[in-house]
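# Coordinate analysis (summary)
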Amino acid sequence: MTVTDGHRAGFLTRERIIARPGWSRWLVPPAALAVHLAIGQAYAWSVFKTPLEKGLNISGVASSLPFQLGIVMLGLSAAVFGTRVDRNGPRWAMLVSSICFVAGFLISALGVWTRQYWLVVLGYGAVGGIGLGIGYISPVSTLIKWFPDRPGMATGIAIMGFGGGALIASPWSASMLAAFGATGNPPDPDGIALTFLIMGLAYAVFMSMGWLLIRVPADDWRPAGWNPAAQKTGKLITTSGVSAANAIKTPQFWLLWIVLCFNVTAGIGILEKAAPIFMDFFGGSNPAASFAAAAAGFAALLSLANMFGRFVWSTTSDLIGRKNIYRMYLYVGAILYLVIELTTNSNKVLFLICAMLILSFYGAGFATAPAYLRDLFGTYQVGAIHGRLLTAWSVAGVLGPMIVNAIADAHQGEAGPARYTTSFIIMIVLLVIGFVANELIRPVDPKWHETDDGTTGSRSGVRTGEGARTDEGARTGEGARTDDGARTGEQEATR
Amino acid sequence: MSAREGQERRVPPVLIVLAWLWVGVPFAYGLWQLLLKLPALFGG
């Protein structure tokens, strides 16, 4: 398809957004960030909890429902719509994500305005949650295709944005709630509704940059100076493609699923109860008046580590390989938990360094996963495979808090670090299991590779669902595929 | 000259700068708000 053909294609189609020669790939990360920084707001939901509980007279459990449903819907919608996201392209996915995410805020505003809390659960949790899932995976495969030389860095930038979304939303929404009287005693529910309304409209504008600017590379595009034949290769890096339907039949997918699930569970173990953990470890050394601020500082420090770990470690994985970086996340993570277990509250700085590194590995586990999938299964349907992998997140989101809260509650009588001894030992065991799972990952059996005739087999090559070969699966002129599926071609590449 | 060659033109650098500012400014705001909380951790 030529660029001219693309102008006749529908606005949302993949053909319409094939980048013209001269397009800069450095416009793609901000387009991805426009979506991820917005949907990352989900982690700032706690700001709304107290105003909703007091303003609408609901319980703490009820006020958590929109967030919990949103995270469940994130995993489900990423898994269910992943294939469609890959087929329809990133503009379609980003626009659908924006519509769902913004609609979630508008429905929630209506729900609070009319005092119908079920509308908040439905809007923010169900409808908005679909926006989270589709938005999360929407730029991933596109970034990998634009940065075949640095896939870990590219996905690290976008997924760092998801971590950074709450940093923006938390102080912003808190200041609006205060300004509109929603934090008073009693809080004004109309102020909460107005906050939802303004956030929805602002996110609609902010996210529009994403779906307007996003482009996919042309079939024959490659980065300037990058030679696919000379790219870093390893035993795990495939040059073929595996479909999403076949990927979930491979042990590699499920081993990586275990790796992600347990790495996330171990991170949530400390993230979920950041303030109480800090209080139990160091409460005695702080005056009561300043302690709440110190605990908030600890939570902020962990957020910072979580966010920058996504970029730093994922970028590092481009240099040392995906399997090695996960070895570090899991092995060093287990050691760090052990250090906390042994030193308890004897050294505050050591405790903070350990906690920060654990959280940086937690975030990095998310950010490096798409590049690991690319290595194992190729770029064909990597977005859909990523969507299915995110079900591990949904499970970990339940498992992590459940373990920590249940054990902490069972040790109510104990004081100080002893309350968390059992939890941390469980986290160490989970990380060791994840480490073993990572060690068991081997190259995918060639029988799962897609072939020209639409069957799986040992030949390299990729087909679309309709039978036509895609750009990811395009061959070189001689018929031999290049690494990463890119064609060697005549088009001038741009940086 | 083909249609593709005819359309080849570089993206203006200002567009790239604006795109990064679009996401960078809110991100910097969030980061700044976060950093303000950190001194309390060390008794500041």
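Data block above holds the structure.
It should be emphasised that the depicted structure is a prediction, and the values quoted were computed from it without experimental measurement.

Looking only at helices and strands, chain A features 18 helices and two strands. The 495 residues of chain A split such that 61% are buried. Taking contacts inside chain A between residues at least 6 apart in sequence as the whole, the part at least 24 apart equals 79%. Accessible area of chain A: about 17300 Å², with a carbon and sulfur share of 65%.

Next up on the list: the overall build of chain B. Looking only at helices and strands, chain B features two helices and zero strands. Scored against the burial criterion, the 44 residues of chain B give a buried share of 27%. Carbon and sulfur atoms make up 73% of the accessible area of chain B, which totals about 3000 Å².

Residues and elements named next belong to chain A. Tracing the sequence through the fold places His-386 in helix α16 (residues 382–389). On the basis of relative accessibility, which here comes to 1%, the residue His-386 falls in the buried class. If we ignore the near neighbours within four places in the chain, the residues touching His-386 are Tyr-136, Ile-137, Val-140, Pro-370 and Leu-373.

Let us look at the interface of chain B and chain A. At the junction of the two partners, chain B supplies 26 residues and chain A supplies 44 residues. Joining chain B to chain A, the criterion identifies zero salt bridges. If you list the elements that add at least two residues to the side of chain B that touches chain A, you get α1 (3–6) and α2 (13–35) of chain B. Here the side of chain B that touches chain A gets 14 residues from one element, more than from any other, and that element is α2(B). Considering only residue class, the side of chain B that touches chain A consists of 18 nonpolar, three polar and five charged.

What follows deals with the packing of aromatic side chains. Residue and element names in this part refer to chain A. For the structure shown, the criterion picks out 38 aromatic pairs over all chains. Geometrically, the ring pair formed by Phe-162 and Trp-393 is edge-to-face, given 5.7 Å between the ring centres and 85 degrees between the ring planes. Here Trp-393 lies in helix α17 (residues 391–410) and Phe-162 lies in helix α8 (residues 151–179), a separation of 231 residues in the sequence. Across the pair, exposure class does not vary: Phe-162 and Trp-393 are buried alike. Relative to Tyr-203, the ring of Trp-172 has its centre 5.7 Å away and its plane inclined at 85 degrees; by these criteria the two rings are edge-to-face. You can see Trp-172 sitting in helix α8 and its partner Tyr-203 sitting in helix α9 (residues 189–213), a full 31 residues away along the chain. Judged by relative accessible area, which is 22%, Trp-172 ranks as partly exposed. Among the aromatic residues, those joined into a cluster by ring pairs are Trp-45, Phe-48, Phe-101, Phe-105, Tyr-124, Trp-172, Phe-196 and Tyr-203. Sitting over the ring of Phe-11, Arg-91 keeps its end group 4.2 Å from the ring centre. Over the face of the ring belonging to Trp-23 we find Arg-215, whose NZ or CZ atom lies 4.5 Å from the ring centre.

What follows concerns the pattern of salt bridges. Residue and element names in this part refer to chain A. Under the definition given, this model contains nine salt bridges over all chains. The partner of Arg-419 in a salt bridge is Asp-280, and the shortest N-O contact between them spans 3.3 Å. Of this pair, Arg-419 sits in the loop between α17 and α18 (421–439) while Asp-280 sits in helix α12 (residues 274–282), placing them 139 residues apart in sequence. The two residues Arg-419 and Asp-280 agree in class, both being buried. For Glu-439, the salt bridge goes to Arg-327, with nearest N and O atoms at 2.5 Å.

Residue and element names in this part refer to chain A. Interaxial distance between helix α14 (residues 322–343) and helix α15 (residues 348–377) falls to 9 Å at its minimum, and their mutual angle equals 160 degrees. Classified by the angle between their axes, α14 and α15 sit roughly antiparallel to one another. The chirality of how α14 crosses α15 is left-handed.

Reading the values: rules and limits
Residues numbered from 1 in each chain as written. Chains lettered and ligands numbered in written order. Predicted model: local features only at pLDDT ≥ 70, side-chain atom pairs only at ≥ 80, totals over all residues. Heavy atoms only, no water. Helix = DSSP H or I, 4+ residues; strand = E, 2+ residues; numbered from the N terminus. Buried < 20%, exposed > 50% of the residue type's maximum accessible area, 1.4 Å probe, protein only. Contact = heavy atoms within 4.5 Å. Areas by Shrake-Rupley, 256 points an atom, 1.4 Å probe, with all protein chains shown as cover. Salt bridge = Lys/Arg side-chain N within 4 Å of Asp/Glu carboxyl O. Nonpolar A, V, L, I, M, F, W, Y, C, P; charged D, E, K, R; others polar. Phe/Tyr/Trp six-rings, centres within 6.5 Å; stacked < 30°, edge-to-face > 60°. Lys NZ or Arg CZ within 6 Å of the ring centre and 35° of its normal. Axes fitted to C-alpha atoms, helices over the stretch in contact; angles between N-to-C directions. Parallel < 35°, antiparallel > 145°, perpendicular 65-115°, else oblique. Left-handed = near helix turned anticlockwise from the far one by under 90°.

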